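# Per-entry structural report
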Amino acid sequence: MRIDQRDFCQLPDEQLCILVAQGNAQAEDELVARYSRLVRACARPLFLAGGDSEDLIQEGMVGLLHAVRTYDHDRQAQFRTYAEVCIRSRLISAVRAAGRDKHAPLNNYISFETPLFDTAAGYPSTQGDNPEDVIIDQEDRKERICALKGQLSGFEGKILHLYLSGLSYGEIALQVGRSAKSVDNAVQRIRRKVARQLTSGDISES
């Protein structure tokens, strides 16, 4: 079946995956474009603690491509669910592989949302940590998040929410009525506060 390029955006994810399995590169391009924002949203909490490098976005894209090329509709999971598991799994693997000394802030990333590492509609969980350690880690993250949000200005809090949702600086700037440079400055201030929290256990007002 031949599909006009204009029709690809109308097809559901699962149908596009079937076309990808048949060797359709345009279907793969459509899925990558459709989920690039999800990749950024999954990677940005790690960037927030770890710096400005775009390396993790590339790792997340590898996870997305893996999902696109290995998705099995017969296992009854929605593609988005499977893609998020693959993206997050790839990112966590990249973080754990980083040298502890060289990338210490990155290894101590803060998650601002609940990771999707449950058993998802037939796909196995990627979480292999000790349950007690997981609970302790979750409580620690909650405390860090509360401490951080309590130190952000109203503007910074809004920027943080939009930034973690995967919007570009330009898109955020349009929503808040500021320049992209103003958005970038706010993100850098938030990163500095996160870095202080990771190194000292507290956040200053500056």
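Here we summarise the structure given alongside this text. The structure displayed is predicted, hence computed values, not measured ones.

## Let's talk about the nonpolar core
Buried together is how nonpolar side chains tend to be arranged in soluble globular proteins. Counting residues in hydrophobic clusters, the biggest one holds 28 residues, and the most contacted among them are Leu31, Leu64, Phe79, Ile87 and Leu91. Within the residue set of this core, elements represented by two or more residues are helix H1 (13-21), helix H2 (25-50), helix H3 (55-70) and helix H4 (79-97). With 9 residues, H2 is the largest single contributor of residues to this core. Setting aside chain neighbours within four positions, we find Ile87 in contact with Leu38, Val39, Cys42, Gly60, Gly63 and Leu64.

## Considering the packing of aromatic side chains
All told, the structure shown has 4 aromatic pairs when counted by the stated rule. Taking 5.3 Å as the distance between ring centres and 80° as the angle between the ring planes, the aromatic pair formed by Tyr35 and Phe79 counts as edge-to-face. With Tyr35 in helix H2 and Phe79 in helix H4, this residue pair connects regions lying 44 residues apart in the sequence. Owing to a relative accessible area of 4%, Tyr35 belongs among the buried residues under this scheme. Taking the relative accessible area as the measure of exposure, Phe79 reaches 0% and is therefore buried. Taking the centre distance of 5.5 Å and the plane angle of 85° together, the rings of Tyr71 and Phe79 count as edge-to-face. Looking at Arg178, its charged tip hangs above the ring of Phe155, at a distance of 4.2 Å from the centre.

## Comments concerning the pattern of salt bridges
Under the criterion given, the structure shown has 7 salt bridges. Across the pair Glu156 and Lys193 runs a salt bridge, and its minimum N-O distance is 3.0 Å. Here Glu156 is found in helix H7 (residues 154-164), whereas its partner Lys193 is found in helix H9 (residues 180-200), with 37 residues between them in sequence. The same class applies to Glu156 as to Lys193, namely buried.

## With respect to the packing of H7 against helix H8 (residues 169-176)
Between H7 and H8, whose axes approach to 10 Å, the crossing angle comes to 135°. The angle between the axes of H7 and H8 places the two elements in the oblique class. Considering how the two elements wind past one another, H7 and H8 form a crossing that is right-handed. Here H7 contributes Phe155, Lys158, Ile159, Leu162 and Tyr163 to the contact with H8, which in turn contributes Tyr169, Ile172, Gln175 and Val176. Across the contact of H7 with H8, the residue classes break down as 7 nonpolar, 1 polar and 1 charged.

## Section: the environment of Gln15
With respect to the helices and strands, Gln15 occurs in helix H1. Residue Gln15 is classed as partly exposed on the basis of its relative accessible area, which comes to 28%. Distance in space between the C-alpha atoms of Gln15 and Phe79 is 9.8 Å, their sequence separation being 64 residues.

Cut-off values and rules
Residues numbered from 1 in each chain as written. Predicted model: local features only at pLDDT ≥ 70, side-chain atom pairs only at ≥ 80, totals over all residues. Heavy atoms only, no water. Core = buried A, V, L, I, M, F, W, Y, C linked by side-chain atoms within 4.5 Å. Buried < 20%, exposed > 50% of the residue type's maximum accessible area, 1.4 Å probe, protein only. Helix = DSSP H or I, 4+ residues; strand = E, 2+ residues; numbered from the N terminus. Contact = heavy atoms within 4.5 Å. Phe/Tyr/Trp six-rings, centres within 6.5 Å; stacked < 30°, edge-to-face > 60°. Lys NZ or Arg CZ within 6 Å of the ring centre and 35° of its normal. Salt bridge = Lys/Arg side-chain N within 4 Å of Asp/Glu carboxyl O. Axes fitted to C-alpha atoms, helices over the stretch in contact; angles between N-to-C directions. Parallel < 35°, antiparallel > 145°, perpendicular 65-115°, else oblique. Left-handed = near helix turned anticlockwise from the far one by under 90°. Nonpolar A, V, L, I, M, F, W, Y, C, P; charged D, E, K, R; others polar.

Coordinates in, geometry out; function isn't part of it.
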